[in-house]
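Fold and contact review
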Amino acid sequence: MGIGEAQGKIIVFGEHFVVHGAPAIAGGISSKVTVEVEKSDKNRIITEHKVVEKMSLAGIERVLAVMGIHERYGVHLRGDLRTYGGLGSSAAFCVAMVHAFADEKKIHLTKEEVNKYAYEGEKAFHGNPSGIDNTIATHGGVILFERGKEKNKFELLELYKPLDFVVTFTGKYSETAKMVERVKKFKEQDEKEFTQLMDEYTDIATHGRHAIERGKIEDIGKLMNANQSLLSELGVSDETNDEINKIALEVGAIGAKLTGGGGGGCCIALTKDQEQASKIAEMFKKKGLDSFTTQIEKRH
Ligand code: MEV
């Protein structure tokens, strides 16, 4: 038997654009998945979470193959990270599973190996993952990630001060793969418009990085709002995302946007402190929505 764990993430800037080579910024959150593996007659996924069995089995098979393991396993998925919320649950599942198989086989893996193997598993969930989710699930912290033709690049960012967010589930499960496909079609149909949006976004990422490093919270909020507008133009923000962002801004959040694949899933709102984050989360909960606070912390 082996056990492993990994955390989810929020993307502060750059979902979708990152798939096409722009830099994105993501932070690890405290919600986690735990994976336990035990030998079995065939591969199985055992969980109370909402998962697509076929994809999960394909993920298990891909991870076993890339790790050179030939036995079959029952894979138990647990934890408080919501699946289908755009919070990086499939990547966290893959990273936790790699740790669990390494634990079961008593092998030591470097973080680079964990990330590489988990990325192979991620491919079963999204046809064309950028690699940002498995990178943050492997390393944690706050990262600036850029997909490369040959090799992905990432940098751990130093926060000026911790950032407080409210994460609210729209109530609509989103399928990242479908949303990624939608953006691909947008690009094929209007290359010029897509390039324009990529350029506008890249500017947001540059300023966003500096604002995060200098603790310019108002600027971070404005840039999140601008990023959200571009995501709407890309066609990945639906009415559930728009409504939640609008409410969050109306009650005083500094910035709001969807996070992850969009088309439902989760939205994030940046707040001035933990107290404001708790108040906004409570307000959403009273409306019957699943909402919680999270802090992206300074590195210690
Ligand atoms: C998913 O968390 C973020 C997307 O940009 C897809 C990816 O980067 O693989 C939508």
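Please read all numbers here as calculations on a predicted model, not as lab measurements.

Here the domain parsing of the protein chain yields domain 1 (2-157) and domain 2 (163-296). Distance between the C-alpha centres of domain 1 and domain 2: 22 Å. The junction of domain 1 with domain 2 conceals about 3,200 Å² of combined surface from both sides, 71% of it contributed by carbon and sulfur atoms. Of all residues in domain 1, Phe 13, His 16 and Phe 17 bury the most surface against domain 2, accounting for 24% of the area lost on that side. Looking at the side of domain 1 that touches domain 2, the elements with two or more residues in it are β1 (2-13), β2 (24-39) and β5 (142-146). A per-element tally of the side of domain 1 that touches domain 2 places β2 first, with seven residues.

Another aspect to go through is the nonpolar core. Grouped together as the largest cluster of nonpolar side chains are 95 residues, with contacts concentrated most on Phe 13, Val 75, Phe 93 and Phe 101. Counting residues per element, this core draws most heavily on helix α2 (residues 89-105), which supplies 10 residues. Here this core gathers at least three residues from each of two domains, domain 1 (2-157) and domain 2 (163-296). When residues no more than four places from it in sequence are discounted, the contact partners of Phe 101 are Val 37, Val 63, Leu 64, Met 67, Ile 69, Tyr 73 and Val 75.

To continue, consider the pairing of β5. Most of β5 is tucked away, with four of its five residues classed as buried. Direction of pairing for β2 relative to β5: antiparallel, over a ladder of four bridges. The residue of β5 that forms the bridge with Ile 25 is Leu 144. Both β5 and strand β6 (residues 153-156) contribute to a ladder of four bridges, which runs antiparallel. Across the sheet, residue Ile 143 finds its bridge partner in β6, namely Leu 156. Hairpin connection of β5 to β6: six residues between the antiparallel strands.

Taken together, 14 residues sit near the ligand, with Lys 9, His 16, Pro 129, Ser 130 and Asp 133 positioned nearest. Within the side chain of Lys 9, an N or O atom sits 2.8 Å from an oxygen atom of the ligand. The backbone of His 16 places a nitrogen or oxygen atom 2.8 Å from an oxygen atom of the ligand. Notes on the ligand: free accessible area 300 Å², of which the protein chains cover 98%. Only β1, α4 (132-139) and α5 (176-189) provide two or more residues apiece to the shell around the ligand.

Another point: the pattern of salt bridges. Per the stated rule, a full pass over the model turns up 17 salt bridges. We note a salt bridge from Lys 257 to Glu 15, for which the minimum N-O separation is 2.8 Å. In this pair, Lys 257 is assigned in strand β8 (residues 255-259) and Glu 15 in the loop between β1 and β2, connecting sequence segments 242 residues apart. With a closest N to O distance of 3.1 Å, Glu 36 and Arg 78 form a salt bridge. Within this pair, whereas Glu 36 is found in strand β2, its partner Arg 78 is found in strand β4 (residues 73-79), the two being separated by 42 residues in sequence. Overlapping salt bridges, with partners in common, bring together Arg 62, Glu 120 and Lys 123 in one network.

What counts as what
- Residues numbered from 1 in each chain as written.
- Predicted model: local features only at pLDDT ≥ 70, side-chain atom pairs only at ≥ 80, totals over all residues.
- Heavy atoms only, no water.
- Domains from an automatic or database assignment.
- Buried area = accessible area lost by both parts, 1.4 Å probe.
- Helix = DSSP H or I, 4+ residues; strand = E, 2+ residues; numbered from the N terminus.
- Core = buried A, V, L, I, M, F, W, Y, C linked by side-chain atoms within 4.5 Å.
- Buried < 20%, exposed > 50% of the residue type's maximum accessible area, 1.4 Å probe, protein only.
- Contact = heavy atoms within 4.5 Å.
- Pairing = 2+ DSSP bridges.
- Near = heavy atom within 4 Å.
- Polar contact = N/O pair within 3.5 Å; in protein donor to acceptor, adjacent residues only side chain to side chain.
- Areas by Shrake-Rupley, 256 points an atom, 1.4 Å probe, with all protein chains shown as cover.
- Salt bridge = Lys/Arg side-chain N within 4 Å of Asp/Glu carboxyl O.

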